[in-house]
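Understanding the architecture of this molecule
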There are 2 protein chains.
Amino acid sequence: MVAAHIFIDRKGLAMKPTGNQILAEFFDCSFNILNDSEALEKILAEGIDACHLGLVGMTSHCYDPIGVTSIAVIRESHVAIHTYPEARHASVDVFTCSRGSHKSMDLLHYLEEKLMPATTRIVEVSRGNPLEVARTNWITDDNSSAGFDVRYRIDAELYSGSSRYQDIKVIENQDFGRMLFLDNDLQIAERDAHLYNEAMVNPLREKQNALSSVAILGGGDGGVLYEVLKLNPGSVSVIDIDEEVIEVAKTYLRSICYSAFEDKRTNVVIADVFEYLDGSHSFEAMIYDLTMHPESFIVMDREAYLDQLFAKMKADLKSQGCLSLQCASEYDYRTIELVENLLRRHFSSVKLTKKFIPSYGSMWMFASCIKI
Amino acid sequence: MVAAHIFIDRKGLAMKPTGNQILAEFFDCSFNILNDSEALEKILAEGIDACHLGLVGMTSHCYDPIGVTSIAVIRESHVAIHTYPEARHASVDVFTCSRGSHKSMDLLHYLEEKLMPATTRIVEVSRGNPLEVARTNWITDDNSSAGFDVRYRIDAELYSGSSRYQDIKVIENQDFGRMLFLDNDLQIAERDAHLYNEAMVNPLREKQNALSSVAILGGGDGGVLYEVLKLNPGSVSVIDIDEEVIEVAKTYLRSICYSAFEDKRTNVVIADVFEYLDGSHSFEAMIYDLTMHPESFIVMDREAYLDQLFAKMKADLKSQGCLSLQCASEYDYRTIELVENLLRRHFSSVKLTKKFIPSYGSMWMFASCIKI
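Residues numbered from 1 in each chain as written. Chains lettered and ligands numbered in written order. Predicted model: local features only at pLDDT ≥ 70, side-chain atom pairs only at ≥ 80, totals over all residues. Heavy atoms only, no water.

With that settled, the discussion passes to the overall build of chain A. In terms of helices and strands, chain A carries 10 helices and 20 strands. When the accessible area of chain A is evaluated, it comes to approximately 13800 Å², of which 46% is carbon and sulfur surface. Of the side-chain charges in chain A, 36 are positive and 54 negative, and the distance between the mean point of each set is 7 Å. (Helix = DSSP H or I, 4+ residues; strand = E, 2+ residues; numbered from the N terminus. Areas by Shrake-Rupley, 256 points an atom, 1.4 Å probe, with all protein chains shown as cover. Lys, Arg positive; Asp, Glu negative; His and termini not counted. Charge placed at Lys NZ, Arg CZ, Asp CG, Glu CD.)

This part is about the UniProt feature "binding site: spermidine" (unreviewed entry) in chain A. Residue and element names in this part refer to chain A. UniProt feature "binding site: spermidine" (unreviewed entry): in the numbering of this structure it lies at Asp 221. Its location among the elements puts Asp 221 in the loop between strand 14 (213–218) and helix 5 (223–229). Classification of Asp 221 by relative accessible area gives buried; the value is 7%. Among residues more than four places away in sequence, those in contact with Asp 221 are Leu 180, Ile 188, Val 245, Ala 249, Ile 256, Cys 257, Phe 261 and Asp 289. (UniProt positions renumbered as here; feature names shortened; annotations may be inferred. Buried < 20%, exposed > 50% of the residue type's maximum accessible area, 1.4 Å probe, protein only. Contact = heavy atoms within 4.5 Å.)

Before going further, it helps to spend a moment on the sheet that holds strand 13 (residues 185–189) of chain B. All names here are of chain B. Spatial ordering of the open sheet is given by 10-11-12-13, a layout of four strands whose pairing is antiparallel. Only two strands of the sheet have a single partner each, and these edge strands are strand 10 (156–162) and strand 13. When the angles between neighbouring strand axes are averaged without regard to direction, this sheet yields 20°. Of the strand pairs in this sheet, strand 11 (residues 167–173) and strand 12 (residues 177–182) are connected by six bridges, and their pairing is antiparallel. Pairing of Glu 172 across the sheet is with Arg 178, part of strand 12. (Pairing = 2+ DSSP bridges. Axes fitted to C-alpha atoms, helices over the stretch in contact; angles between N-to-C directions.)

Take the interface of chain A and chain B next. Between chain A and chain B, the residue contacts involve 80 residues of the former and 79 residues of the latter. Carbon and sulfur atoms make up 60% of the surface buried where chain A meets chain B, a total of about 6900 Å² over both sides. On the surface where chain A and chain B come into contact, there are nine salt bridges. Glu 25 of chain A is the salt-bridge partner of Arg 127 of chain B, the closest N and O atoms lying 2.4 Å from each other. In this structure, the connection of chain A to chain B is made through 27 residue pairs in polar contact (both at pLDDT 80 or more). Taken together, the residues that form the side of chain A that touches chain B break down as 40 nonpolar, 24 polar and 16 charged. (Buried area = accessible area lost by both parts, 1.4 Å probe. Salt bridge = Lys/Arg side-chain N within 4 Å of Asp/Glu carboxyl O. Polar contact = N/O pair within 3.5 Å; in protein donor to acceptor, adjacent residues only side chain to side chain. Nonpolar A, V, L, I, M, F, W, Y, C, P; charged D, E, K, R; others polar.)

Another aspect to go through is the environment of Asn 173 of chain A. Locating Asn 173 of chain A in the fold gives a position in strand 11 (residues 167–173). Among the residues examined, Asn 173 of chain A registers a relative accessible area of 0% and is labelled buried. Distance in space between the C-alpha atoms of Asn 173 of chain A and Glu 124 of chain A is 23 Å, their sequence separation being 49 residues. Not counting residues within four places of it along the chain, the set of residues in contact with Asn 173 of chain A comprises Tyr 152, Arg 153, Asp 155, Met 179 and Arg 191 of chain A together with Gly 147 of chain B. One polar contact links the side chain of Asn 173 of chain A to the main-chain carbonyl oxygen of Gly 147 of chain B, over a distance of 2.7 Å.

Our next topic: the pairing of strand 5 (residues 89–97) of chain B. Regular strands show a simple pattern: their side chains alternate between the two faces of the sheet. Residue and element names in this part refer to chain B. Burial within strand 5 is extensive, with eight of its nine residues counted as buried. Looking at chain direction, strand 1 (residues 18–27) and strand 5 are connected through eight bridges and run antiparallel. Note on strand 5: the bridge partner recorded for Phe 26 is Ala 90. Pairing geometry for strand 4 (residues 77–84) and strand 5, over eight bridges, is antiparallel. Note that in strand 5 the partner of Thr 83 across the bridge is Ala 90. Counted between consecutive antiparallel strands, the loop separating strand 4 from strand 5 contains four residues, among which Arg 88 sits at a positive phi close to 55°.

Our next topic: the packing of helix 9 (residues 302–315) of chain B against helix 10 (residues 333–346) of chain B. Residues and elements named next belong to chain B. It is the contact of helix 9 with helix 10, at a shortest axis distance of 10 Å, that shows an interaxial angle of 40°. Accordingly, the angle class assigned to the pair helix 9 and helix 10 is oblique. In the packing of helix 9 onto helix 10, the handedness of the crossing is right-handed. Residues Arg 302, Glu 303, Leu 306, Asp 307, Phe 310, Ala 311 and Lys 314 of helix 9 pack against Arg 334, Thr 335, Leu 338, Val 339, Leu 342, Leu 343, Arg 345 and His 346 of helix 10. Looking at the contact of helix 9 with helix 10, its residues break down into seven nonpolar, two polar and six charged. (Parallel < 35°, antiparallel > 145°, perpendicular 65-115°, else oblique. Left-handed = near helix turned anticlockwise from the far one by under 90°.)

All names here are of chain B. With respect to the element layout, Asp 240 can be found in strand 15 (residues 235–240). Given a relative accessible area of 9%, Asp 240 falls into the buried group. Taking the C-alpha atoms as reference, Asp 240 lies 6.7 Å from Gly 219; in sequence the two are 21 residues apart. With sequence-adjacent residues up to four places away left out, Asp 240 is seen in contact with Gly 218, Gly 219, Gly 220, Ile 246, Val 269, Ile 270 and Ala 271. Among the polar contacts made by the side chain of Asp 240, one reaches the main-chain amide nitrogen of Gly 220 at a distance of 2.9 Å.

What follows concerns the environment of Cys 51 of chain B. Residue and element names in this part refer to chain B. Turning to its location among the elements, Cys 51 is positioned in the loop between helix 2 (37–50) and strand 2 (55–62). It is 6.3 Å that separates the C-alpha atoms of Cys 51 and Asp 106, two residues lying 55 residues apart in sequence. Beyond its immediate stretch of four places on either side in the chain, Cys 51 contacts Lys 103, Asp 106, Leu 107 and Tyr 110.

According to the domain assignment, chain A contains domain 1 (18–128) and domain 2 (191–370). Each of domain 1 of chain A and domain 2 of chain A was reduced to a C-alpha centroid, and the two centroids are 46 Å apart. (Domains from an automatic or database assignment.)

Moving on to the UniProt feature "active site" (unreviewed entry) in chain A. Residue and element names in this part refer to chain A. Those places that UniProt annotates as "active site" (unreviewed entry) correspond, in this numbering, to Asp 289. With near-sequence residues (within four places) excluded, Asp 289 lies in contact with Tyr 196, Met 200, Ile 216, Leu 217, Gly 218, Gly 219, Asp 221, Val 224 and Gln 326. Of note is the side chain of Asp 289, whose polar atom sits 2.5 Å from the side chain of Tyr 196.

The next subject is the nonpolar core. With 100 residues, the main nonpolar core has Tyr 152 of chain A together with Tyr 152 of chain B as its most contacted residues. With 35 residues, the next largest nonpolar core counts Tyr 288, Met 313, Phe 347 and Cys 369 of chain A among its residues. (Core = buried A, V, L, I, M, F, W, Y, C linked by side-chain atoms within 4.5 Å.)

With respect to the helices, strands and loops of the structure, Asp 332 of chain B is situated in the loop between strand 18 (317–329) and helix 10. Within polar-contact distance, the side chain of Asp 332 of chain B engages the side chain of His 293 of chain B at 2.6 Å.

Tallied over the entire structure, the rule returns 25 aromatic pairs over all chains. With 5.0 Å between their ring centres and 15° between their planes, Phe 274 of chain A and Tyr 305 of chain A make a pair best called stacked. Here Phe 274 of chain A is found in helix 8 (residues 273–276), whereas its partner Tyr 305 of chain A is found in helix 9 (residues 302–315), with 31 residues between them in sequence. The residues Phe 274 of chain A and Tyr 305 of chain A share a single accessibility class, namely buried. Here the aromatic rings of Tyr 152 of chain B and Phe 176 of chain B are separated by 6.1 Å at their centres, their planes lie at 75°, and the arrangement is edge-to-face. One end of the pair, Tyr 152 of chain B, is in strand 9 (residues 148–153); the other, Phe 176 of chain B, is in the loop between strand 11 and strand 12, with 24 residues separating them in the sequence. (Phe/Tyr/Trp six-rings, centres within 6.5 Å; stacked < 30°, edge-to-face > 60°.)

Okay, here's the thing in C-alpha cells:
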C-alpha cells in the first residue's frame, strides 16, 4: 500500500485509468496450433517480446476434450487467447494501457501471422474513463458521474499527442469549432470559450483597473488569461503543470488565447499548483481553472486534497482578495456540495452561479468567494 | 492433439466459438482493496465459486508503484481485473462461453459488492461469431444533423413496444427522470417537461380566458395539453396519429400529463393531421408539437410537405389566430431557416425564441406567428 500523501503525477508515473483493448476473432485458423498449448505459449511470448511489451507471467489451460486458453499478464495489462480448434477459431484480447496502444495492434498482427486466420474481425474499446467502443471520428467527453454523455463528431483531428501528464487532442467540430480535450475531458471550445472565460472572470470585474496581480491556476489554454488581461491588471501568473498544453494552445487555439501569452504582463509558471502555492505569494485575485475531479492523479482522498489546496490558495491571497472557480456540471451534485462546503470553511461571501455552456451540453456551476 | 475430423459439436460437447464478454469499469471503488493483490485474489476466487464457475488457475502482478492485475482462468474462459488505486478505479473483464452468460453478470455483481464502486459502466460483447457489441443500458438520441450526440443511461426501462407507427420507449434516467423516446428520438423528460411545455404555450398566454378552442397537433404525451388547460380554454383537441403513445403517457408519464386526458374540455382525435386539417375547422390557437423532420415518413420533399401543412394549419385557424411551434435544436440551421421562411410565407408577426431544455442538451428553437 502506497502512503496516501504520494502524488503519483509528480513523478510522471501515474497509471491513469485509461487503456485500449482490442477484441479480435480469428476465423479459419491453422488447426494445428490451436490445440497445442505449448506452441501457443511460445507464440505469445515471442510476440510480446517482438512488440516490445513486457511479459510478467503466463497461464494456460487445456480443455477437455479440446480447446486451449493462454493468458499472459504483461506490464502493460494482459493478452488472452481462447481457442476453439473444432471450429478453427480463436478469440483474442489485447489490453494495454493507452501509451502502448499501437503495440496492441502490432501484437495482434503478429498473432495473425502465426495463427493464420482467413478472416479477422476486430472491435476496439477505450477502457477506463470513458468506456467507449471505438467509433472513428467521434470523441466522448469524460462525464462518469452523470446520467448522460455528450459525444462530438471529429470533422478533423488537428493535434493528438501525449505529454508527460496527459493525452492532448485538438479537434474541429461543426457546431463548436476547435475543441481541446485533455484525457478525453473537454476543456474549451472555440465557439463558446468566451462564455466560459467571462464566467470565470466576472467575480473580478469590480476590481477592474485595481488588480495588482492575478493568479490563474491551470488555464493552459489561455482563454481565461485573455479575458483577465482586459481588466488591465498589473500582472497575471498562469500556473500550469503542462507546458505542452500551452504550446498546443499557442499553435492551434489562437482564437481562444489570441496573443495573451505574449503579453508583457503575463508570467507563465510551469509548476504543480500544490507545490507552487507555498504561502510566499500575495495575489489580489485567483482563478481556479483546474478540475474538481483530481481522483485520477492523486492517491489521497478528494476532500482532503481539495481542502488542503483551498487552504493553500487562501494563504497566497491578499486580504479581501477574490477567488473565482469553475466547479462541475449542475448534475454533479456531490462535487457541488463538496466544493461549496469547503469554500465556506475557508472563505467568505461564497456565491454559486450557473451558466449554460453549449459545448458542455449542460449548465455549468461557477463559484466565487472572498478572503477575509 | 485431437484429430482434425472430430466435430465435437455433434456430440453436444462443443465449445462453440461463441462467448459473452462483459467489459466493466468501476469508478470510485473502495481504495483499500485495490492495491491488495491477496485480497483481490480471494474475492475473485470466492466470487467464481459463488457464481458456480470453475476456477482453473490464477495469476497476479503488482505494479510499481501502485496497481494490481489479477487474472483467473476459469473453465468457462477468464476473468481479469486491473486496478488503478490512485484513481480508485478498476477495469474488469468477464469472458464466458455463452451458456454461462448470466453467471458473468452474477460475478460482476459479486465483484461490485466487494469493490464498492460508486458508478459502474458496462459494455457487453458477443464474442466468437458474430463479434457484436451490445449496449444494453444506454440510448442515444437521434440527432443526425448535428455535430454532437447525447446519450442517456437507462437506469430502468419502464416500457418498450412498437405501435403501427413507431417504437415507443419510456426509460428512467438519473438526471432527467422518466423519458419518452419515439424511434429513439427523445420527446420529453419528466424533470424539464415544464420548460418545454411552457415555451410551447407562452404565445397563447395573452389570450388567457379568451380561447374558445385550441388544437394541439401531435402532443400525445399530454404535457402541452396539461399546460394549455391552465389557460382556461373552451376546448382543446389533441390530434395525434398514434393512440398507443397516449396510452403509454397515461400509464407511465402521469407526472407530465397528470389528468389532462380525462379533462372534459379535452377532445382526443386519432388522425393524421395532414388529413384532419381540411379547412372545416376554426381554431382560436394551434400548437405544432410535431417534428420538423418528417423525412422518414413522407415521400415528397420536406419543404413541399411543410409548406402544404402550414397552409392547411392556416386554413383551420381563425383570423387573428395564433400558432405556436417547436422547431429544432439551435444547431439545426437549415431547419430553422426553412421553418422561418415558410412561416413568413403564410403568417404574420413571426417570432423565433430559444430556450435551454436540459434533457435535450442544447438550446431549442420555438416559433410563433399570427394569421392575418
